[in-house]
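Residue-level structure breakdown
One letter stands for each residue in the lines below.
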Amino acid sequence: MQWIEIDGSKGEGGGQILRSGLSLSMITGKAVRFTHIRAGRSKPGIMRQHLTAILAAQQVCDAQVSGAILNSTELTFIPGQIKSGNYQFDLGGAGSCALVLQTLLPALWSAHSESRVRLSGGTHNPMAPSTSFLQQVWLPLMERMGAKATLLVHRCGFYPAGGGEVEIVVYPVKQWQALHLPQRGKLIDIGAQSLISDVPDSVAFRELNIVKQQLKVEQSKLSSIDVSSARCAGNALLVKLQFEHLTELFCAIGTKGKAAAKVAQEACDEAQAYLKSSAAVGEYLADQLLLPMAIAGKGCFTTSEITDHLSTNALVICQFLNCRIDIQSIEQGIEVNIQKQ
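What comes next concerns the included structure. Owing to the predicted nature of the structure, the values given are computational and were not obtained by experimental measurement.

The subject of this paragraph is the sheet that holds strand β15 (residues 323-330). Spatially, the 4 strands line up as an open sheet ordered β9-β14-β16-β15, and their pairing is mixed. Two strands close off the open sheet at either side, each with one partner strand: β9 (179-181) and β15. In this sheet, neighbouring strand axes are inclined to one another by 15° on average, regardless of whether the strands run parallel or antiparallel. Here strand β14 (residues 298-303) runs beside strand β16 (residues 333-340); their pairing, made up of 6 bridges, is antiparallel. Bridge pairing links Gly-299 to Ile-338 in β16. Contacts from helix α7 (residues 283-296) reach β9, β14, β15 and β16 within the one sheet, and its direction differs from that of β14 by about 170°. Contacts from helix α8 (residues 308-320) reach β14, β15 and β16, with the element oriented near 160° to β15.

Turning our attention to the side chain of Ser-96. Along the chain, the position of Ser-96 falls in the loop between β5 (86-90) and α3 (97-109). Taking relative accessible area as the criterion, Ser-96 reaches 1% and is therefore assigned buried. Looking at Ser-96, its side chain comes within polar contact range of the main-chain nitrogen of Leu-99, at 3.1 Å. Not counting residues up to four positions away in its chain, the partners in contact with Ser-96 are Gln-49, Leu-91, Gly-122, Asn-125, Ala-128 and Pro-129.

Definitions and cut-offs
- Residues numbered from 1 in each chain as written.
- Predicted model: local features only at pLDDT ≥ 70, side-chain atom pairs only at ≥ 80, totals over all residues.
- Heavy atoms only, no water.
- Pairing = 2+ DSSP bridges.
- Helix = DSSP H or I, 4+ residues; strand = E, 2+ residues; numbered from the N terminus.
- Axes fitted to C-alpha atoms, helices over the stretch in contact; angles between N-to-C directions.
- Contact = heavy atoms within 4.5 Å.
- Buried < 20%, exposed > 50% of the residue type's maximum accessible area, 1.4 Å probe, protein only.
- Polar contact = N/O pair within 3.5 Å; in protein donor to acceptor, adjacent residues only side chain to side chain.

See the structure below:
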């Protein structure tokens, strides 16, 4: 049996090492042993959302697993055959549904038939991509690569209580296609949405007014959406930039005691930093494109900087796949090229 050894203290030292390793283990059939899991975090080891991802991956491919307990810093994962089917997982709080889905999707795309996954947890969290980001940015790019999935958000789940409900239908990939994003193209549209649940309408009004002023957004492109079906009070501000070749979405999370002006400023700052750069892909999208592009065996994009997440993810990917990932500085920022060896 071929084993891959992954030291979780290397690079960014967070949960992405674990998630990418699980995804790649499932699709390659290679057993993996993780040590020093999340050693770079203030609370090392497996947290609740990581445990859900591990147990979900185990179920999807009938894996043999040891060390899958909370706070564990070591894990072994021996994958079996990937199975399509209907799955349901509960993160038990506000753990990120998006991050668990991104762990499972590469495997389910390689299954022989359609799958359906229901997840309970957080949909709009700090420090994680939102389900809105998956719907509007990442999944459309995946479909261009031949990997189709339809994501529905039945109920929003805000930090810190969570309680969201999402459902995704995953269709098998017939043939992966290379994706090339050297440029983002012309700006087509800018808009913003403020999602609110059990908070005053004035919060959304203040957030959207700041976005309107700072990003010069037309009033008709601003909207407040009451998601009162959520199980807790919450707020998320989404700024959407649509370009010729892709869409980017920037999300800021409102929490108790956090001023609406601060929420809006966070979203505007991220959007403005991206607009000032000439790179096609934002910092977070760059991390999330690397693995599917490596599975496809070819692709490229430009981004604004080499983050620890990006370089660490590249190292993990190359342990499993026979591919070359070149990351180099160019006039537009950073160019990333992926190709089979």
